[in-house]
Amino acid sequence: MSREPNLHTAEDASPRELWQASWMLLLMLAILGLLVVPLLRELPVGQSSRIGLLAWMLVALALYWLYAGMGYRPLLLLQLLLFSGAAALLTAKLLLVALDVHELTILRYVARGMILVGTGLAGANLGGLLLQLWRRSRQGSSVQGNPR
C-alpha cells in the first residue's frame, strides 16, 4: 500500500518548529550574504561565472528549504523556479561565451533580477514565518489568560 509523504510546511508547524526554521533560515541567509558572496567576489573568474555559481548555490539552498519545509510551499516553489531560471540563463550565457558570442549580456541582467526577486521572496518567507510565530504566541497567551 503506497501512501503519499506528508509534506511539512510552516502552516502546520509547531511554535518550536517555527522558531527553529526561522533561525536556520536567518542563519543561512546571513552566511550566504556575509561569507559566500564576498568569497565569490574574490574568485578569478568573470562576472557571469560568479553570478552563475551564486545562482546554483541558491538552487541548492532552495531545494533544501523546500525539502526541510522551511517556510511556505508556494513561496519556496517560486524561489526555486526563479533561482533555477537564473542558473539556466547564466549557464547558457557561459556556453555562448565559450562559443565566442559576447553580445548577450541581457541574460546576465535578467538572471541577476531573478536572483534579487528570489532573495526578496526568501526575506518574505522569513517574515511570514516570524509573523506566523507571533500570531500563534498571541493566540496562546490569550487562551491562557482567558480560561472558560
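Above this text sits the structure in question.
Here the structure is a predicted model, which means the values were calculated and not measured.

(A) Focus on the packing of helix 2 (residues 47-68) against helix 3 (residues 73-98). Remark: helix 2 packs on helix 3, axes separated minimally by 8 Å, with the N-to-C direction vectors making an angle of 155 degrees. On the basis of the axis angle, helix 2 is roughly antiparallel to helix 3. Every pair of crossing elements has a handedness; the one defined by helix 2 and helix 3 is left-handed. Of the residues belonging to the contact of helix 2 with helix 3, the class tally is 17 nonpolar, six polar and two charged.

(B) Broad picture of the side chain of Ser22. Position of Ser22 among the secondary structure elements: in helix 1 (residues 15-42). Among the residues examined, Ser22 registers a relative accessible area of 4% and is labelled buried. Once you skip the residues sitting within four places of it in the chain, Ser22 turns out to touch Leu126, Leu129 and Leu130.

(C) View of the nonpolar core. Among the nonpolar cores identified, the biggest contains 32 residues, and Trp65 and Leu129 are the most heavily contacted of them. Secondary-structure elements contributing two or more residues to this core are helix 1, helix 2, helix 3 and helix 4 (106-145). With nine residues, helix 2 is the single largest residue contributor to this core. Apart from residues no more than four positions distant in its own chain, Trp65 is found in contact with Leu25, Met28, Leu29, Met70, Leu76, Gln79 and Ala122.

(D) The arrangement of helix 3 in detail. The end-to-end C-alpha distance of helix 3 is 37 Å, a good match for the 38 Å that 26 residues give at a rise of 1.5 Å each. Looking one or two residues beyond helix 3, the residue adopting positive phi is Asp100, at roughly 70 degrees.

(E) Structural view of the packing of helix 1 against helix 2. In contact at an axis separation of 11 Å, helix 1 and helix 2 are set at 165 degrees when each is read in the N-to-C sense. As summarised for this structure, helix 1 and helix 2 are arranged roughly antiparallel, according to the angle between their axes. When you trace helix 1 past helix 2, the crossing you get is right-handed. Judged by residue contacts, Leu25, Met28, Leu29, Leu32, Val36, Val37, Leu40 and Arg41 of helix 1 engage Arg50, Leu53, Leu54, Met57, Leu58, Leu61, Tyr64 and Trp65 from helix 2. Of the residues belonging to the contact of helix 1 with helix 2, the class tally is 14 nonpolar, no polar and two charged.

(F) Quick peek at a nonpolar patch on the surface. On the surface, a nonpolar cluster with roughly 780 Å² of combined accessible area is contributed by Met24, Leu27, Ile31, Leu34, Leu35, Tyr64 and Tyr67. Looking at the nonpolar patch, the elements that each hand over two or more residues are helix 1 and helix 2. Counting residues per element, the nonpolar patch draws most heavily on helix 1, at five residues. Residue position: Leu35 is located in helix 1.

How each quantity is defined
Residues numbered from 1 in each chain as written. Predicted model: local features only at pLDDT ≥ 70, side-chain atom pairs only at ≥ 80, totals over all residues. Heavy atoms only, no water. Axes fitted to C-alpha atoms, helices over the stretch in contact; angles between N-to-C directions. Helix = DSSP H or I, 4+ residues; strand = E, 2+ residues; numbered from the N terminus. Parallel < 35°, antiparallel > 145°, perpendicular 65-115°, else oblique. Left-handed = near helix turned anticlockwise from the far one by under 90°. Nonpolar A, V, L, I, M, F, W, Y, C, P; charged D, E, K, R; others polar. Buried < 20%, exposed > 50% of the residue type's maximum accessible area, 1.4 Å probe, protein only. Contact = heavy atoms within 4.5 Å. Core = buried A, V, L, I, M, F, W, Y, C linked by side-chain atoms within 4.5 Å. Expected span 1.5 Å × (residues − 1). Patch = residues over 30% accessible without salt bridge, like charges linked within 9 Å, V, L, I, M, F, W, Y side chains within 5 Å. Areas by Shrake-Rupley, 256 points an atom, 1.4 Å probe, with all protein chains shown as cover. Salt bridge = Lys/Arg side-chain N within 4 Å of Asp/Glu carboxyl O.

Purely geometric stuff here, so don't read any function into it on its own.
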